[in-house]
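Summary of the model geometry
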Amino acid sequence: MPYKEKEINKLYYPIGEVADMFQVNTSMIRFYEKEFEILQPKKNAKGNRLFRPEDIENLKIIFYLIKDKGFTLQGAKDYMKGNRNEVAENQKIIDSLEKLKAFMLNLNEEL
């Protein structure tokens, strides 16, 4: 049985890593933090923002609504307030489909 590398999950992610995940500037992450009250990263003694996995999931939802669906900032805020559970479920489905797509593309390359 081949060795399967286990995914390492951090408890906190610095803002630079979060910005790299979403391929945006750190200023955009800070802007969304101000605009969306659902984003509440912890701050250490130096004042550096440390994002939890829940914050990352919330950012995924925000980026999905704004970038993919074309919502305005106010529209995304309103939609998240009214349909929070539905949006979270949709994001989980999208994440699993992206993982499946990556697996299928990898499998196709190996054949």
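Notes on the structure in this doc start here. (Residues numbered from 1 in each chain as written. Predicted model: local features only at pLDDT ≥ 70, side-chain atom pairs only at ≥ 80, totals over all residues. Heavy atoms only, no water.)

Some words on the environment of Gly16
Heads up, the condition is: Helix numbers and strand numbers start at the N terminus; a helix is a DSSP run of H or I with at least 4 residues, a strand a run of E with at least 2. When accessible area is computed with a 1.4 Å probe and restricted to protein chains, residues below 20% of their type maximum are described as buried, those above 50% as exposed, and intermediate ones as partly exposed.
The residue Gly16 is located in helix 1 (residues 15-22) in this model. Overall, Gly16 belongs to the partly exposed group, its relative accessible area being 33%.

Examining the sheet that holds strand 3 (residues 49-51)
Convention followed: Strands were regarded as paired on the criterion that DSSP finds at least two bridges between them. By definition, residues are in contact when any of their heavy atoms lie within 4.5 Å. Every angle, taken between N-to-C directions, lies between 0 and 180 degrees, and every axis is a line fitted to C-alpha atoms, over only the stretch in contact when it is a helix.
An order of 1-3-2 is seen for the 3 strands of this open sheet, with the pairing classed as antiparallel. The open sheet is flanked by strand 1 (13-14) and strand 2 (42-43), the only strands paired with a single partner. Sheet topology places strand 2 next to strand 3; 2 bridges connect them, and they run antiparallel. Bridged to Lys43 within strand 3 is Arg49. Helix-sheet contacts for helix 3 (residues 53-68) involve strand 1 and strand 3, and the interaxial angle to strand 3 is about 80 degrees.

Description of the packing of helix 1 against helix 3
Test applied: Should the near helix be turned anticlockwise from the far one by less than a right angle, the crossing is termed left-handed; should it be turned clockwise, right-handed. Side-chain classes follow a simple rule in which Ala, Val, Leu, Ile, Met, Phe, Trp, Tyr, Cys and Pro form the nonpolar group, Asp, Glu, Lys and Arg form the charged group, and the remainder, Gly included, forms the polar group.
Viewed as axis vectors pointing N to C, helix 1 and helix 3 meet at an angle of 35 degrees, and their least axial separation amounts to 12 Å. As helix 1 runs across helix 3, the sense of the crossing is right-handed. Taking contact as the criterion, the partners of Val18, Met21 and Phe22 in helix 1 are, on helix 3, Ile56, Leu59, Lys60 and Phe63. Split by residue class, the contact of helix 1 with helix 3 holds 6 nonpolar, no polar and 1 charged.

Looking at a nonpolar patch on the surface
The cut-off we apply is this: Each patch is assembled from residues with relative accessible area greater than 30% and no salt bridge, linking like charges that lie within 9 Å and nonpolar side chains (Val, Leu, Ile, Met, Phe, Trp, Tyr) that lie within 5 Å. Under the convention used here, a 1.4 Å probe and the Shrake-Rupley method define accessible areas, while residue burial counts only the protein chains that appear. Criterion for a salt bridge: a side-chain nitrogen of Lys or Arg within 4 Å of a carboxyl oxygen of Asp or Glu.
Together, Ile93, Leu97, Leu100, Phe103, Met104, Leu107 and Leu111 make up an exposed nonpolar region whose accessible area comes to about 750 Å². Mapping Leu97 onto the fold places it in helix 5 (residues 84-110).

Describing the packing of aromatic side chains
Our working definition: Between the rings of Phe, Tyr and Trp (Trp by its six-membered ring), a pair exists once the centres lie within 6.5 Å; its type follows the angle of the planes, with under 30 degrees stacked, over 60 edge-to-face, and the other angles tilted.
Under the counting rule described, the total for this entry stands at 5 aromatic pairs. Seen in terms of ring centroids, Phe31 and Tyr32 are 5.9 Å apart; in terms of plane orientation they differ by 45 degrees. Their pairing is tilted. Take Phe31: its relative accessible area is 37%, and that puts it in the partly exposed class. Seen in terms of ring centroids, Tyr32 and Phe63 are 5.3 Å apart; in terms of plane orientation they differ by 75 degrees. Their pairing is edge-to-face. Placement of Tyr32 in helix 2 (residues 26-35) and of Phe63 in helix 3 is noted, with a sequence separation of 31 residues between them. Both residues of the pair, Tyr32 and Phe63, count as buried. Of the aromatic side chains, those joined through ring pairs into one cluster are Phe22, Phe31, Tyr32, Phe36 and Phe63.

Limitation: the analysis is restricted to geometry and does not speak to function.
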